[in-house]
Amino acid sequence: NAGVMQNPRHLVRRRGQEARLRCSPMKGHSHVYWYRQLPEEGLKFMVYLQKENIIDESGMPKERFSAEFPKEGPSILRIQQVVRGDSAAYFCASSPPRQGAYEQYFGPGTRLTVT
Amino acid sequence: GEDVEQSLFLSVREGDSSVINCTYTDSSSTYLYWYKQEPGAGLQLLTYIFSNMDMKQDQRLTVLLNKKDKHLSLRIADTQTGDSAIYFCAERGQGNLIFGKGTKLSVKP
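This one's a predicted model, so the numbers in the text were calculated from it and none came from an experiment.

Undergrad: How would you summarise the sheet that holds strand β7 (residues 61–66) of chain B if you had to cite specific residues and measurements?
TA: Residue and element names in this part refer to chain B. A sheet is described by the order of its strands in space; here five strands give the open sequence β1-β3-β8-β7-β6, paired in antiparallel fashion. What marks the edges here is a single partner per strand, and that holds for β1 (4–6) and β6 (55–58). Taken over all neighbouring pairs, the strand axes of this sheet differ in orientation by 15° on average, direction set aside. In the sheet, β6 pairs with β7 via four bridges, with the strands oriented antiparallel. By the bridge assignment, K56 is partnered in β7 with V63.

Set out below in structure tokens:
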């Protein structure tokens, strides 16, 4: 059973460009979470999605950031008009569709560098 | 508000026990987690504990929970150089996890 897949692993964008980060959850998982990790910091929650639904986007910046998890295909985190402050590691996690510990399994992350 | 605090650094000698401490503020947290992050990698779930437990043991790992003091600890027995990493404590929020800043564990041979 493959783990959570993220691509690309490294992404370099110039200021003003768009960044698209992809996440494929573990097989059988229908819940996806995106987190951002700034250097020397812990992970900060951004958004929680289920298939075709945004459940909680309380951690998402109000502008330039959007996320989706379509019926088919990976979840996408999209950052428009990137700025230097967007440089960070972006992690996706998935969890199974059941009550309980809701343990989240993380992907390897996408390291975004804005030049 | 919700907040998770950890000391930033811990250094131990190979073979000793390591104890990493964490405090949290949300008394309604149902689950608390420990994750390990190696350089350049994602987070690996090590273990979690339900809030009605006060201890959980899994091989070299022992988790202790003091719910009254909102204090969580992770003990690693017989620490090895391969245990060198950053360890994150997390509590479960509404659906997401709330992380501390991480404790960097250095293991000296």
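Moving on from the model shown.
Undergrad: So what's going on with the pairing of strand β6 (residues 53–56) of chain A? Residues and values would help.
TA: Residues and elements named next belong to chain A. Here strand β5 (residues 43–50) pairs with β6 via three bridges, running antiparallel. Among the inter-strand pairings, Y48 is bridged to a residue of β6, identified as D56. As consecutive antiparallel partners, β5 and β6 are separated by two residues, and within that stretch E52 has a phi angle of approximately 65°, a positive value.

Undergrad: Talk me through the interface of chain A and chain B; I want residue IDs and the actual numbers.
TA: At the junction of the two partners, chain A supplies 21 residues and chain B supplies 18 residues. Across the chain A/chain B interface, buried area totals approximately 1,600 Å², and carbon plus sulfur atoms make up 55% of it. Where chain A packs against chain B, one counts one salt bridge. For E41 of chain A, the salt bridge identified is with K101 of chain B, shortest N-O distance 3.8 Å. Taken together, the links from chain A to chain B amount to five residue pairs in polar contact (both at pLDDT 80 or more). Looking at the side of chain A that touches chain B, the elements with two or more residues in it are β4 (31–37), β5 and β10 (105–106) of chain A.

Undergrad: So what's going on with unusual backbone geometry? Residues and values would help.
TA: A cis geometry characterises the amide bond from N7 of chain A onward to P8 of chain A, with omega recorded as -5°. For P8 of chain A, the position within the fold is in the loop between β1 (5–7) and β2 (10–13). In the Ramachandran plot, R64 of chain A falls in the positive-phi region, its phi being about 75° despite a non-glycine side chain. Looking at the secondary structure, you find R64 of chain A in the loop between β6 and β7 (65–68). Owing to a relative accessible area of 26%, R64 of chain A belongs among the partly exposed residues under this scheme. One non-glycine residue, Q59 of chain B, adopts positive backbone phi at about 55°. As for its placement among the helices and strands, Q59 of chain B is situated in the loop between β6 and β7.

Definitions and limits used
- Residues numbered from 1 in each chain as written.
- Chains lettered and ligands numbered in written order.
- Predicted model: local features only at pLDDT ≥ 70, side-chain atom pairs only at ≥ 80, totals over all residues.
- Heavy atoms only, no water.
- Pairing = 2+ DSSP bridges.
- Helix = DSSP H or I, 4+ residues; strand = E, 2+ residues; numbered from the N terminus.
- Axes fitted to C-alpha atoms, helices over the stretch in contact; angles between N-to-C directions.
- Contact = heavy atoms within 4.5 Å.
- Buried area = accessible area lost by both parts, 1.4 Å probe.
- Salt bridge = Lys/Arg side-chain N within 4 Å of Asp/Glu carboxyl O.
- Polar contact = N/O pair within 3.5 Å; in protein donor to acceptor, adjacent residues only side chain to side chain.
- Buried < 20%, exposed > 50% of the residue type's maximum accessible area, 1.4 Å probe, protein only.

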